[in-house]
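For reference, the chains in residue letters:
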Amino acid sequence: MEVSLARATDIADTVLFPAAPAVDTEGRIPPSHLDLLADNGFYAMSAPSADIDFATACAIAETFASGCLSTAFVWLQHQGVVRRVADSPLADDLLGDLCLGRQRGGVALGGTLPGPPRLRATAVPGGYQLSGESPWVTGWGMIDLLLVMARDEHDNLISAIITARENDALRVSDPLTMIATTASSTVTAHFTDFFVPAEAVVGEQPYAEWAERDAAGLRFNGSLALGVTNRCTRLLGATPLDAELDACRTHLDTAGPADQPAARAAADELAVRAGSALLVYAGSHSILLGEHPQRLAREALFLLVFASRKTIRDALLTSLIR
């Protein structure tokens, strides 16, 4: 099925956005939301066979975020699993079902966090054992597979695909209650001597090498802030924020690795200003739960720290306190 920005826009405007207040207040994404994205080919967007260019992929992510950030947040994690499986020996067994949404993926990136590894991989006969924790595992209860990334004793990053189910070696916290996207069912995963067979490993690379390449992912995640701003500007009507949104998008699209953190920071700050402007414009009723303005303003605050890095935080702090 052809994946198109036009179809994404229709879904965001007619299904996701009208339902977003209920998703936010009830703390639950309807299964029909994710089924709709799967049925229209969007679970396959990151597969090589989809032949979607990066700019279109970013525009689709922005569009879904403008409809319902919780839904977009869960769907976005799946894309990383598709990309990793597509380039691995597991592609023949898993890629087809991942692209159709029969199997849905999430990520546990504890080993990628800076500082001492939060999640460690120890080589054992036949594979690895994982121990430690991975915070911010999104979509628990809505996903089938988990891309886990842990560091070994040589500071290599080990990536593996496991089943997203609790057992004696894998326990998760209750879903976190957050300022926004609580419906995304985000948990902390705790691993205790969790065995990963060698055939489930989909990548090994030095952690330093991964950290250098990580900047490329900042652009795709920046689409979420653009999406929240996009919806705010549409509800506000024509304002100078429209031109700022276009400028932020261009900055993200053209920034190199060194400039990407500043571009992300600018997009995150614009979302907060747009959300605040919408609250003021809509008046006192806009702060009531169930109203779009307060939800969008909270989502903008959430995105100040989502998928952040020290370089992004530094740029944001400099801007916000100037």
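Residues numbered from 1 in each chain as written. Predicted model: local features only at pLDDT ≥ 70, side-chain atom pairs only at ≥ 80, totals over all residues. Heavy atoms only, no water.

Student: Even after reading the chapter, I still don't get the packing of helix α1 (residues 5-26) against helix α3 (residues 54-67), so can you show me in this structure?
Tutor: Packed helix pairs are specified by the crossing angle of their axes together with the interaxial distance, meaning the distance between the axes. At a closest axis distance of 7 Å, the pairing of α1 and α3 adopts a crossing angle of 20°. With respect to α3, the axis of α1 lies roughly parallel. Classified by chirality, the crossing of α3 by α1 is right-handed. Here Leu5, Ala8, Thr9, Ile11, Ala12, Leu16, Phe17 and Ala20 of α1 lie close against α3, whose contacting residues are Ala59, Ile60, Thr63, Phe64, Ser66 and Gly67. In terms of residue class, the contact of α1 with α3 is made up of ten nonpolar, four polar and no charged. (Axes fitted to C-alpha atoms, helices over the stretch in contact; angles between N-to-C directions. Helix = DSSP H or I, 4+ residues; strand = E, 2+ residues; numbered from the N terminus. Parallel < 35°, antiparallel > 145°, perpendicular 65-115°, else oblique. Left-handed = near helix turned anticlockwise from the far one by under 90°. Contact = heavy atoms within 4.5 Å. Nonpolar A, V, L, I, M, F, W, Y, C, P; charged D, E, K, R; others polar.)

Student: So what exactly am I meant to see when it comes to the packing of aromatic side chains here?
Tutor: To describe a pair of aromatic rings, you give the distance between the ring centres and the angle between the ring planes. Throughout the structure, instances matching the rule amount to eight aromatic pairs. With a centroid separation of 4.9 Å and an interplanar angle of 85°, the aromatic rings of phenylalanine 73 and phenylalanine 306 are classed as edge-to-face. Here phenylalanine 306 lies in the loop between α10 (292-303) and α11 (310-320) and phenylalanine 73 lies in helix α4 (residues 69-86), a separation of 233 residues in the sequence. As far as burial versus exposure is concerned, phenylalanine 73 and phenylalanine 306 are alike and both buried. Chaining the aromatic ring pairs together yields one cluster made of Phe42, Phe64 and Trp75. Stacked on the ring of tyrosine 43, the Lys or Arg arginine 104 has its end atom at 5.2 Å from the ring centre. One residue, arginine 151, lies across the ring of tyrosine 207, its end atom 3.8 Å from the ring centre. (Phe/Tyr/Trp six-rings, centres within 6.5 Å; stacked < 30°, edge-to-face > 60°. Buried < 20%, exposed > 50% of the residue type's maximum accessible area, 1.4 Å probe, protein only. Lys NZ or Arg CZ within 6 Å of the ring centre and 35° of its normal.)

Student: Could you clarify how one ought to interpret the packing of α3 against α4 in this entry?
Tutor: Where α3 meets α4, the axes come as close as 6 Å, and the angle between the chain directions of the two elements is 145°. Between α3, through Ile60, Ala61, Phe64, Ala65 and Gly67, and α4, the contact on the second element is made entirely by Leu69, Ala72, Trp75 and Leu76. Split into classes, the residues belonging to the contact of α3 with α4 amount to eight nonpolar, one polar and no charged.

Student: Looking at this structure, how should I read the side chain of aspartate 268?
Tutor: Along the polypeptide, aspartate 268 turns up in helix α9 (residues 260-282). According to the relative accessible area criterion, aspartate 268 is buried, its value standing at 2%. Apart from the residues within four sequence positions on either side, aspartate 268 is in contact with Ala225, Leu303, Leu304, Ile312 and Leu316.

Student: What should I look at first to understand the pairing of strand β2 (residues 119-124) in this one?
Tutor: Side-chain direction in a regular strand flips from residue to residue, so the side chains alternate between the two faces of the sheet. Pairing of β2 with strand β3 (residues 127-137), which is carried by six bridges, proceeds in the antiparallel orientation. Its bridge partner being in β3, threonine 122 is matched across the sheet by glutamine 129. Linking β2 back to β3 in an antiparallel pair, the connection comprises two residues, with glycine 126 at a positive phi of about 90°. (Pairing = 2+ DSSP bridges.)

Student: When you look at the state of the cysteines in this model, what are you seeing that I'm missing?
Tutor: The bond known as a disulfide is covalent and runs between the sulfur atoms of two cysteines. Tallying each qualifying case throughout the model produces zero disulfides. Of the cysteine sulfurs around cysteine 68, a residue in no disulfide, the closest is that of cysteine 232, at 14 Å. Of the residues examined, cysteine 68 reaches a relative accessible area of 2% and is grouped as buried. Distance from the sulfur of cysteine 99, which forms no disulfide, to the nearest cysteine sulfur (cysteine 58) is 18 Å. Given a relative accessible area of 14%, cysteine 99 falls into the buried group. (Disulfide = S-S within 2.5 Å.)

Student: Please clarify how the nonpolar core should be interpreted in this entry.
Tutor: When a protein is soluble and globular, its nonpolar side chains tend to lie buried together. Counting 59 residues, the largest nonpolar core has Phe42, Ile60, Phe64, Trp75, Leu224, Phe302 and Leu303 as its most contacted members. Once residues lying within four places of it in the same chain are set aside, the contact partners of tryptophan 75 are Leu37, Phe42, Tyr43, Met45, Ile60, Ala61 and Phe64. Counting residues in hydrophobic clusters, the runner-up holds 25 residues, among them Val137, Leu146, Ile158 and Phe194. (Core = buried A, V, L, I, M, F, W, Y, C linked by side-chain atoms within 4.5 Å.)

Student: I tried to follow a nonpolar patch on the surface on my own but got confused; where do I start?
Tutor: Together, Leu317, Leu320 and Ile321 make up a nonpolar patch on the protein surface, roughly 330 Å² of accessible area in all. Relative to the helices and strands, leucine 320 resides in helix α11. (Patch = residues over 30% accessible without salt bridge, like charges linked within 9 Å, V, L, I, M, F, W, Y side chains within 5 Å. Areas by Shrake-Rupley, 256 points an atom, 1.4 Å probe, with all protein chains shown as cover. Salt bridge = Lys/Arg side-chain N within 4 Å of Asp/Glu carboxyl O.)

Student: So what exactly am I meant to see when it comes to the environment of aspartate 214 here?
Tutor: Mapped onto the secondary structure, aspartate 214 falls in the loop between α6 (207-213) and α7 (215-236). Exposure remark for aspartate 214: the relative accessible area of 15% places this residue in the buried category. Placed 23 residues apart in sequence, aspartate 214 and glycine 237 show a C-alpha to C-alpha distance of 36 Å.

Student: Is there a simple way to think about the pattern of salt bridges in this case?
Tutor: Close approach of charged atoms allows side chains of opposite charge to pair. Across all of its chains, the model carries 18 salt bridges by this definition. Of the charged contacts, one joins arginine 104 and aspartate 35 as a salt bridge, the two residues approaching to 2.8 Å between their closest N and O atoms. Of this pair, arginine 104 sits in the loop between α5 (91-100) and β1 (105-108) while aspartate 35 sits in helix α2 (residues 31-39), and the two are 69 residues apart along the sequence. Judged by its relative accessible area of 13%, arginine 104 is buried. The salt bridge involving arginine 322 is made with glutamate 269; its shortest N-O contact spans 3.9 Å. Residue arginine 322 is found in the segment after α11, and its partner glutamate 269 is found in helix α9; the two are separated by 53 residues along the sequence. When its relative accessible area of 74% is taken as the criterion, arginine 322 is described as exposed. Taking the relative accessible area as the measure of exposure, glutamate 269 reaches 13% and is therefore buried. Here the salt bridges do not stand alone but share partners, grouping Asp13, Arg231 and Arg234 into one network.

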